[in-house]
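Descriptive analysis of the structure
What follows is each chain in one-letter form.
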Amino acid sequence: MSTRLFQTTPRIYYGERSLEQVGAEAAGLGKKALVVTGRSSSTKNGSLDRVCGLLKHAGLAATPFPRVESDPSLTTVTAGADLAREHGCDVLVALGGGSAMDAAKGIGCLLANPGELAALEGATGLRPGPPLIAIPTTAGTGSEVTKVSVLTDTARHYKLLLVGPTLMPSVAILDPELTASMPPAVAAATGMDALTHAVEAYLSKLANPFSDALALAAIEAIAANLPLVVAAPDNTPARAAMLHAQLQAGQAFSNASVGLVHAMSRPMGARFGVPHGVANALLLPVVAAYNRPACPARLARIAQALGRRTDGLDLGRASRLAAEALAELAAELPLPRSLAAVGVDVEDLEDMAREAAENGSSRVNPRRPEVGEILELYRQLA
Ligand SMILES: [Fe+2]
């Protein structure tokens, strides 16, 4: 039996001044760029102007679309596609966190595939849109190296997933200078999302030796550097290490999938607007404890990657250390600690548990959860 071990990746640039590559890369891909970004920070900190300037210097026309909200809606994505059509854009540039990158993937999808976005969920054979250059400014969602776009159907309170190889960006540019303006709360939430990607990829039923190596390296680096960047955003080496680690985490889960934490965080985002990383940070320790009977050796290895000594401990104790270390790391960060603190209404928990059980990520979780078990996990956090 043959197994696909690793998927195609974008051309990746990493390091100081790597943003300068955007002009030459875009010039090789098209003539008119739509620059998809969030509603405020890239405009305020000058990075949108900088990217547009680099594109123009390389001979391209640049149309900014600074309208992406966090958890981008289908309406926003449709407006972006309309603007791209109006200006004849043949290359997309996403500048921002997961929201900007996912919105740009959705715009590309809509430009190449007729019909409503909602009808494209679950579709196979999605045609490729214009090539996408992804420039993350958080560390991070890893969206620059994934073939997935998560969009919000606000009418249905539903997180819609577009998946397919044609959604993979053509180029990813990771310049640590761009993450310098992240507020500590955003650094904490997006860093915990990256840690969740690495932990879930390592525990996934689809894990393989390539995803394992990336996941463990990411866990180790995030545990060492996330508290440093949250405490001191001007710590450049720690910020660079986080950007690198979230890329590894992104590649790990892109090849091995995520699990129950992501299945449970999606209804929290869709129904109550809880930011993705905040929801994951809350859920990660309790889901790790729940998973323990199914994968104690792997959790013991995670405990080591999180910096815990496990010599001389039996697997039961060593695996428990992983859940404890994840809880301690999350508690060190400026993040909410309960479902009540993030505005989740307990009345909705049963419906949320049903949705999470049906989510595809639950199927590759090391322990297959029943609806009642998921409900109990939510209640532990109420
Ligand atoms: Fe995530």
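Residues numbered from 1 in each chain as written. Predicted model: local features only at pLDDT ≥ 70, side-chain atom pairs only at ≥ 80, totals over all residues. Heavy atoms only, no water.

Re the overall build of the chain
In plain terms, the rule: Only DSSP runs of H or I with at least four residues qualify as helices, and only runs of E with at least two residues qualify as strands; both kinds are numbered from the N terminus onward. Between buried and exposed lies partly exposed: a residue is buried under 20% and exposed over 50% of the maximum accessible area for its type, with that area taken using a 1.4 Å probe on protein chains only. Here the Shrake-Rupley method, with its probe set to 1.4 Å, supplies the accessible areas, and only the displayed protein chains count as covering residues. For the charge count, each Lys or Arg is scored as positive and each Asp or Glu as negative, with His and the chain ends excluded. The atom standing in for a charge is NZ when the residue is Lys, CZ when it is Arg, CG when it is Asp and CD when it is Glu.
Tallying secondary structure elements over the chain gives 15 helices and eight strands in all. Over its C-alpha atoms, taken along the principal directions, the chain stretches across nearly 60 × 50 × 40 Å. When burial is assessed residue by residue, the chain has 57% of its 382 residues classed as buried. Per element, the accessible surface of the chain, about 15200 Å² overall, is 53% carbon and sulfur. Of note, the chain has its 33 positive side-chain charges centred 4 Å away from the centre of its 36 negative side-chain charges.

What to know about the sheet that holds strand S5 (residues 132-136)
The condition that has to hold: One requirement defines pairing of two strands: DSSP has to find at least two bridges between them. To get an axis, a line is fitted to the C-alpha atoms, and for a helix only the part in contact is used. The angle between two axes follows their N-to-C directions and goes from 0 to 180 degrees. What makes two residues a contact is simply this: any of their non-hydrogen atoms within 4.5 Å.
Ordered in space as S1-S8-S5-S4-S2-S3, the six strands form an open sheet in which the pairing is parallel. If you trace the sheet from one side to the other, it starts and ends with strand S1 (11-14) and strand S3 (61-68), each paired once. Shown here is a sheet whose adjacent strand axes are inclined to one another by a mean of 15 degrees, direction ignored. Of the pairings in the sheet, the one linking strand S4 (residues 91-96) to S5 comprises five bridges and is parallel in character. Counted as the bridge partner of Leu-95 is Ile-135 from S5. The sheet strands contacting helix H1 (residues 21-29) are S1, S4, S5 and strand S8 (171-174), and the helix crosses S5 at an angle near 160 degrees. This element, helix H4 (residues 74-86), spans strand S2 (32-38) and S3 of the sheet and lies at about 165 degrees to S3.

Some remarks on the side chain of Ser-319
Keep this limit in mind: Any pair of nitrogen or oxygen atoms within 3.5 Å is treated as a polar contact; in protein, a donor-acceptor pairing is required on top of that, and neighbouring residues in sequence qualify only through side-chain atoms on both sides.
Summarising the element assignment, Ser-319 is placed in helix H12 (residues 315-332). The buried category is assigned to Ser-319, whose relative accessible area is 1%. Of the polar contacts made by the side chain of Ser-319, one reaches the backbone oxygen of Gly-316; its length is 3.0 Å.

Things to note about the coordination of the iron ion
We apply this condition: Coordination partners: N, O, S within 2.8 Å of the metal, 3.2 Å for Na, K and Ca; water not considered, so apparent gaps in a site are possible.
Around the iron ion, the protein contributes the donor atoms Asp-193 (OD), His-197 (NE2), His-262 (NE2) and His-276 (NE2), at 2.2 Å from the metal centre. Written as a sequence motif, the donor residues of the iron ion are D-x3-H-x64-H-x13-H. Highlighted residues: His-262 in helix H9 (residues 260-272) and His-276 in helix H10 (residues 276-291), separated in sequence by 14 residues.

Some details on the state of the cysteines
Threshold: Sulfur atoms of two cysteines make up a disulfide when they are within 2.5 Å.
Applying the stated rule across the entire model yields zero disulfides. Here Cys-52 is not cross-linked by a disulfide; its sulfur's nearest cysteine counterpart is in Cys-89, at 11 Å. The buried category is assigned to Cys-52, whose relative accessible area is 7%. Take Cys-109: it sits in no disulfide, and the sulfur closest to it among the cysteines is that of Cys-89, at 17 Å.

Remarks on unusual backbone geometry
Working note: non-glycine residues mostly have negative phi, and peptide bonds are mostly trans. At Arg-17, a residue that is not glycine, the phi angle is positive and equals roughly 65 degrees. Relative to the assigned elements, Arg-17 resides in the loop between S1 and H1. When its relative accessible area of 53% is taken as the criterion, Arg-17 is described as exposed. At Ser-257, a position not held by glycine, the phi torsion is positive, near 75 degrees. Structurally, the position occupied by Ser-257 is in the loop between helix H8 (236-256) and H9.

With respect to helix H11 (residues 296-305)
Among all positions in H11, only Leu-299, Ala-300, Ile-302, Ala-303 and Ala-305 are buried. Gly-307 occupies a position one or two residues after H11 and carries a positive phi of about 95 degrees.

Considering the domain arrangement of the chain
This is how it is decided: Domain extents, as shown, originate in an automatic or database domain assignment. Once two parts are brought into contact, the accessible area they lose, counted with a 1.4 Å probe and summed over both, makes up the buried area. Whenever a carboxyl oxygen of Asp or Glu lies within 4 Å of a side-chain nitrogen of Lys or Arg, that contact is scored as a salt bridge. Side-chain classes follow a simple rule in which Ala, Val, Leu, Ile, Met, Phe, Trp, Tyr, Cys and Pro form the nonpolar group, Asp, Glu, Lys and Arg form the charged group, and the remainder, Gly included, forms the polar group.
With domains assigned, the chain is organised as domain 1 (11-179) and domain 2 (184-380). Spacing between the C-alpha centres of domain 1 and domain 2 amounts to 26 Å. Taken together, the contacts link 22 residues of domain 1 with 24 residues of domain 2. When the two sides are added together, the surface that domain 1 and domain 2 hide from each other amounts to roughly 1900 Å², 63% of it contributed by carbon and sulfur. There are zero salt bridges connecting domain 1 and domain 2. Inspection of the region where domain 1 meets domain 2 yields nine residue pairs in polar contact (both at pLDDT 80 or more). Of all the secondary-structure elements, those providing two or more residues to the side of domain 1 that touches domain 2 are S1 and strand S7 (158-163). Split into classes, the residues belonging to the side of domain 1 that touches domain 2 amount to nine nonpolar, seven polar and six charged.

Observations regarding the pairing of S5
Consecutive side chains along a regular strand alternate between the two faces of the sheet. Put simply, the rule reads: Note on handedness: a crossover is taken as right-handed if, strands pointing away from the viewer, the path from the first strand over the helix to the second is clockwise.
The element S5 is extensively covered by neighbouring structure, given that five of its five residues are classed as buried. A two-sided burial pattern is seen for S5, the buried positions comprising Leu-132, Ala-134 and Pro-136 on one face and Ile-133 and Ile-135 on the other. Note on the crossover from S4 through helix H5 (residues 98-112) to S5: the handedness is right-handed. The pairing of S5 with S8 spans two bridges and is parallel. Bridge pairing links Ile-133 to Val-171 in S8.

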